[in-house]
Structures are given as C-alpha cells and as structure tokens.
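# Architecture and fold: a report
Below are the chains, spelled out letter by letter.
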Amino acid sequence: TFAILNGKLIERNQAKMDIEDRGYQFGDGVYEVIRVYNGKMFTLQEHLERFERSTKSIGVSLPYTMDQLKSLLLELVEKNNLRLGIIYMQITRGVAPRNHAFPEENVEPTLVAYTREMPRPKDELQTGVKTILTEDIRWLRCDIKSLNLLGNILAKQKAVEHGCFEAIQHRGQNVTEGSSSNIFMVKNGIVITHESNHMILKGITKDVILGLCSASGIPVNERAFTLKELAEADEVFLSSTVAEVMPIIEVEGKVVGNGEPGPITRKIQELFVNEIEKQCGA
Ligand code: PMP
C-alpha cells in the first residue's frame, strides 16, 4: 500500500522518519483520523478545517493549501483502493537538533498520511458497550488534536484492563470526554454533551450529531454535566469518527437505563447512518 510523505505518494515501506523528528521526540505535532465509506471520505471538509486550526494553534504552518491536501488524500484513497476504512494524517514541526524551543524558520514540517481498512463496529453498535470512569489528568488544551496522547492512552488502557470499550474522563465532578470519544447523556428527552471548549476535543462526529438533532427536533443542551447526572441518565452514548454513535450500557459496573441502547440513541444512530449514505452513498 501507499503512504504520503511530505507531499509525495510512496510505497508505505519506503516511508522513513528521522530519529530527530519532533513528532517522534516531543509529540510536537497534530493529527486527524478521517473515515472512508464506500471509497469516499466522510466529513472531509470539517476534518481539514480542524487540522488547519490545530496546526495554527501550535504555530506550525501547513506547507499545502487545503485544495492540495484534499487532492493528495483523494489520490491516496484511490491508489490504495480503500473502500471501508480510515485515513490517518499527521504533521509535525519537522526535523531539527533536539531543543524544546521551535527550530529555525526554514525547517519544513513533516506530513504523513496512510490508510487502513477498518470495518464498522457493527456488533457493538447493536449491543452497546461498557465503560469505566477515570479522572481526567490531561492538560488544558484538549481542543488541540495533539500527538501527545499519554493521558488518553493511560485512560484507554485502564478501560481495556477492566474489559471495557472506553474510559469516561471527568475533572472533579464534571464529565469531560472519553479517552478517544465525546460523551453524551440523555435525560427526559434532552441530549446533553460538554460544550466544545479547551476541556475537550470538538469532535466532528459530535457536531454532525448536534446538527442532526436540531434538524430533527431533538432538544440538545451543550453544557458540562456531573457524575451524578451521568449516573441518573436515561441513556448514554459516545461518538467518534471510528466508533460512530455508540450506545453505552454500563458505566463503572452500573447499568444505564434498562441495560439496552435507548430510543433516542437508536434514533440518532439511524439519522447518522442516513447521513453517511447521503455523503458517501454507502
Ligand atoms: N475526543 C477525543 C479525545 C478523541 O480522541 C476523539 C477521536 N478523534 C474524539 C473526541 C472524537 O472526535 P471525532 O468525532 O472528530 O473523531
């Protein structure tokens, strides 16, 4: 299969990185994961815009226009004959002698992208998944899609060790987001999810869901909610590019509702699949 390295499509196994790349040494870079359904990129524009925002927020200047980037990704998907899967794309501040401070202006950022086949998580989308709770120990710029993921990694590993799909993070009493997802709860017919500020990543899937809700008259309240509210929720679900609209049926060993995905979660799942079909004809 092929990969993009600094604007060129090359054989993936020919892609070599320098040991002083700042992404490798410092996690000094940002990334995106884009879903491909039916050979077409879902919410591509939104991902490109977030990618640009992330690069700006760390002072990396993208050496490509959005249109150039778009054509590169299109070419990558085509060359790799990807039907159902993901694109992973990242940019780092580039290669320079190790030093925390930014390197000289003339250092080119390193851009990498590759694809991977990945099915939809059909079984879990049907049955729902279990989660645990964990204190959010990350920094205060969670809105940047940073390569630095140690907090997220430790949270997810804890979930896996407890036989769970995801770890729901909270800062004190307030639920923030999952280790790699946004968290939603439903109470009395209202969908509640943390506002998109510096505490969480502004999920593309989250925003698609919010748009679908308002278009279908499902009331939404974008605000932080507490662990107590979560424990008393009628329904809980998570969202991400990879996991889509995933019902949560257990939080920290406690069953949500009657232990089955709830009606509003099901409705949003249906709306979301329609949106995929609309955009990708899948
Ligand atoms: N929050 C975090 C911390 C994530 O890693 C992800 C997955 N990228 C999300 C939320 C969901 O974002 P998206 O819907 O854009 O995939």
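Residues numbered from 1 in each chain as written. Predicted model: local features only at pLDDT ≥ 70, side-chain atom pairs only at ≥ 80, totals over all residues. Heavy atoms only, no water.

## Regarding the overall build of the protein
- Counting secondary structure elements, the protein contains eight helices and 16 strands.
- Here the C-alpha atoms of the protein give a radius of gyration of 19 Å, agreeing with the 19 Å that 2.2 N^0.38 yields for 282 residues.
- Principal-axis analysis of the C-alpha atoms places the extent of the protein at approximately 55 × 40 × 30 Å.
- For the protein, the proportion of its 282 residues judged to be buried stands at 51%.
- Within the protein, contacts between residues separated by at least 24 positions form 72% of all contacts whose residues are at least 6 apart in sequence.
- When the accessible surface of the protein is split by element, carbon and sulfur atoms take 52% of a total near 13700 Å².
- For the protein, the distance from the average site of its 33 positive side-chain charges to the average site of its 38 negative ones is 1 Å. (Helix = DSSP H or I, 4+ residues; strand = E, 2+ residues; numbered from the N terminus. Rg over C-alpha atoms; globule rule 2.2 N^0.38 Å. Buried < 20%, exposed > 50% of the residue type's maximum accessible area, 1.4 Å probe, protein only. Contact = heavy atoms within 4.5 Å. Areas by Shrake-Rupley, 256 points an atom, 1.4 Å probe, with all protein chains shown as cover. Lys, Arg positive; Asp, Glu negative; His and termini not counted. Charge placed at Lys NZ, Arg CZ, Asp CG, Glu CD.)

## Details of helix H6 (residues 204–215)
- The end-to-end C-alpha separation of H6 is 17 Å, in line with the 16 Å expected for 12 residues at 1.5 Å each.
- The complete set of buried residues in H6 reads Ile-204, Thr-205, Lys-206, Val-208, Ile-209, Leu-210, Leu-212 and Cys-213.
- Where H6 ends, the next residue or the one after it, Gly-217, has phi of about 75 degrees, a positive value. (Expected span 1.5 Å × (residues − 1).)

## So, the site of the ligand
- Around the ligand sit 17 residues, and of these Lys-145, Glu-177, Ile-204, Thr-205 and Thr-241 come closest.
- In this structure, an oxygen atom belonging to the ligand sits 2.8 Å away from a side-chain N or O atom of Arg-50.
- The side chain of Thr-241 places a nitrogen or oxygen atom 2.6 Å from an oxygen atom of the ligand.
- Taking 390 Å² as the accessible area of the ligand by itself, protein coverage stands at 93%.
- At a threshold of 2 Å from the grid points, most atoms of the ligand map onto the largest pocket.
- Elements that contribute at least two residues to the shell around the ligand include exactly strand E9 (174–178), H6 and strand E14 (235–240).
- Residue composition of the shell around the ligand, by class: two nonpolar, 11 polar and four charged. (Near = heavy atom within 4 Å. Polar contact = N/O pair within 3.5 Å; in protein donor to acceptor, adjacent residues only side chain to side chain. 1 Å grid on protein atoms, 1.4 Å probe; cavity = no way out; pocket = protein on both sides within 12 Å on 5 of 7 lines; lining within 4 Å. Sits in = over half its atoms within 2 Å of the grid points. Nonpolar A, V, L, I, M, F, W, Y, C, P; charged D, E, K, R; others polar.)

## A short note on the environment of Lys-130
- With respect to the element layout, Lys-130 can be found in strand E7 (residues 129–135).
- A residue is classified by how much of its surface remains accessible, and Lys-130, at 40% relative accessible area, is partly exposed.
- Along the sequence, Lys-130 and Ile-168 sit 38 residues apart, while their C-alpha atoms lie 10 Å from each other.
- Beyond its immediate sequence surroundings of up to four residues, Lys-130 is in contact with Cys-164, Phe-165, Glu-166 and Glu-250.

## Considerations on the pairing of strand E2 (residues 8–11)
- Here strand E1 (residues 2–5) pairs with E2 via four bridges, running antiparallel. In the sheet register, Ile-4 faces E2, and the bridge partner there is Leu-9.
- Where E1 folds back onto E2 in an antiparallel hairpin, the turn is made up of two residues, including Asn-6, whose phi is positive at roughly 50 degrees. (Pairing = 2+ DSSP bridges.)

## Considering the nonpolar core
- One finds Met-41, Phe-51, Leu-69, Leu-73, Ile-87, Met-89 and Leu-111 to be the most contacted residues of the largest nonpolar core, which totals 25 residues.
- Going through the elements one at a time, strand E3 (29–37), helix H2 (44–57), helix H3 (66–79), strand E5 (85–92) and strand E6 (110–117) are the ones with two or more residues in this core.
- Here this core takes six residues from H3, the largest share from any one element.
- In this structure Phe-51 touches Val-30, Tyr-31, Glu-32, Leu-62, Leu-69, Met-89, Gln-90, Ile-91 and Leu-111, once residues within four positions along its chain are discounted. (Core = buried A, V, L, I, M, F, W, Y, C linked by side-chain atoms within 4.5 Å.)

## Side note on the side chain of Glu-244
- Position of Glu-244 among the secondary structure elements: in strand E15 (residues 244–251).
- If near-sequence neighbours (up to four positions away) are discounted, Glu-244 is found in contact with Arg-35, Tyr-37, Arg-120, Leu-125, Thr-205, Leu-238, Ser-239, Phe-272 and Ile-276.

## Topic: the sheet that holds strand E4 (residues 40–41)
- The six strands lie next to each other as E2-E1-E6-E5-E3-E4, forming an open sheet whose pairing is antiparallel. Because the sheet does not close on itself, it has two edges, and the strands there are E2 and E4.
- By the bridge criterion, three bridges tie E1 to E6 in an arrangement that is antiparallel. When the bridges of E6 are listed, Ile-4 appears paired with Ala-113.
- Seen against the sheet, H2 touches E3, E4, E5 and E6 and runs at an angle of roughly 175 degrees to E3. (Axes fitted to C-alpha atoms, helices over the stretch in contact; angles between N-to-C directions.)

## Comments concerning the packing of aromatic side chains
- One pass over the full model with this rule turns up five aromatic pairs.
- Geometrically, the ring pair formed by Tyr-37 and Phe-42 is edge-to-face, given 5.7 Å between the ring centres and 85 degrees between the ring planes. Of the two residues, Tyr-37 and Phe-42, both sit in the buried class.
- A centroid spacing of 5.6 Å and a plane angle of 75 degrees characterise the contact between Phe-42 and Phe-272, whose relative ring orientation is edge-to-face. (Phe/Tyr/Trp six-rings, centres within 6.5 Å; stacked < 30°, edge-to-face > 60°.)

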